[in-house]
Amino acid sequence: MSSSRKTRVVQFGLGSIGLMAVRAVLGRTDLELVGAIDSDPKKLERDVADLSGLRRPSGVRVSNRPQEVLNVKRPQVVLHATQSGLEDVSPQLSDCLEAGAHVVSTCEELVFPTARQPSLARDLDFLARSKGSVVLGTGVNPGWVMDTMALVASAACLDVRSIRVERIVDASTRRESLQRKVGAGLSRNEFRRGRSKGVLGHRGLVESVHLIAKGMGWSLDKVAEKVTPILSPRSMKTNFVTIRKGEVAGIHHVCKGTLERKEKIRLDLQMFVGAKKPSDQINIKGTPDVTMSMEKGVAGDEATVAMLLNMIPAVIEAQPGLRTMTDIPVPF
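Rules behind the numbers
Numbering of residues starts from 1 in each chain and follows the order in which that chain's sequence is written. Where totals are concerned, whole chains, interfaces and linings use all residues; where local detail is concerned, this predicted model gives features only for residues with pLDDT of at least 70, and gives and counts side-chain atom pairs only at 80 or more. With hydrogens and water set aside, each side-chain value is computed from the structure's full complement of heavy atoms. When DSSP finds two or more bridges between a pair of strands, those strands are recorded as paired. The helix and strand labels rest on DSSP assignments: H or I over at least four residues marks a helix, E over at least two residues marks a strand, and numbering proceeds from the N terminus. Residue contacts are defined here by distance: any two heavy atoms, one from each residue, within 4.5 Å place the two residues in contact. Axis lines are fitted to C-alpha atoms, over the contacting stretch for helices. Their N-to-C directions set the angle, which ranges from 0 to 180 degrees.

The next subject is the sheet that holds strand S3 (residues 62-63). With respect to topology, seven strands assemble into an open sheet ordered S3-S2-S1-S4-S5-S6-S15, the strand pairing being parallel. Strands with a single pairing partner mark the edges of an open sheet, and in this sheet they are S3 and strand S15 (321-323). By the bridge criterion, four bridges tie strand S1 (residues 7-12) to strand S4 (residues 77-80) in an arrangement that is parallel. Bridge pairing links Gln-11 to Leu-79 in S4. Contacting strand S6 (134-137) and S15, helix H5 (residues 118-131) crosses the sheet at an angle of about 125° to S15.

Right under this line is the structure:
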């Protein structure tokens, strides 16, 4: 494919997921990396390929001036991977949209932003429409395995009474930030304090419940979640944390959506160091019942990057505005 037909891409956020996305973009013939944005002083002015562990220079150097990069490089799409909360990333998303770029983001709350931030969601939708751009939140969880995939599976049903998704993740195989986020290595009291401050736990399960409900056309009466620590039965060590017997190995996070006092959606996530049998299971009660099981589960980090890149063509073709995974054709 000629370079003139390549999709121009800027990577916004160069954490572990962002750097994985950089490697993936540089390996594609249909995408051209034209800019990289991050606030970390240690990364500024470095070739982004070097940061990504690649030997061949890309010619793209890291900048901490997003508006300058966006307005000079004029990307068609920004791959955005910085923070989980919509309130935190809203200014970044606005900068991208003001520059006329589409945005595909890993921000968990953006997967279904009206669940927690309806006002911000309306503002972003208005801005995106006015600029002729699309902004989409996606990833593997939320964005795919515990929501979109369940909706796809429901297509084989004449009617659906309930949807249950169970995901077990061995956190020892994941990046350091995730292990820290699920509280690995903390005492029970430290975990409790972290939860009360909102700095521990998985983000996005509430959004996944709302996304499923939207896809099914269910107006839920209530969405409730509960997070409890999973304690380690023995001492363990990963590349990043040491866990003593009795300390926190991770989380058990359950989120339920009810309608007319009946449980319609149940998402059950266990993410902890030492999980013996990682898996993803979707169970749909309907006509007929549908069960999907994926042994070892979907590899979270790689799958998140894949979703970012694979959604690009559909986002470019979508109607402008703030979109969710129920608004855009599923990639294949």
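The next thing to look at is the sheet that holds strand S14 (residues 290-295). Taken together, six strands build an open sheet; the order of strands is S8-S11-S12-S7-S13-S14 and the sheet is mixed. This sheet does not close on itself; its edge strands, each paired only once, are strand S8 (222-231) and S14. Across the sheet, the mean angle separating the axes of adjacent strands is 10° when strand polarity is ignored. Across six bridges, strand S13 (residues 279-287) lies against S14 in antiparallel orientation. Within S14, the position partnered with Ile-282 by the bridge is Met-292. Relative to strand S12 (residues 262-272), helix H9 (residues 205-216) is tilted by about 145°, and along the sheet it contacts strand S7 (159-170), S8, strand S11 (248-259) and S12.

For the bond running from Asn-141 to Pro-142, omega is 10°, close enough to zero to count as cis. Relative to the elements of secondary structure, Pro-142 occurs in the loop between S6 and helix H6 (148-153). The omega torsion of the bond from Thr-287 to Pro-288 falls at -5°, within 30 degrees of zero and hence cis. Of note, Pro-288 is situated in the loop between S13 and S14. Within the chain, Glu-260 stands out as a residue other than glycine whose phi angle is a positive 55°. Structurally, Glu-260 is set in the loop between S11 and S12.

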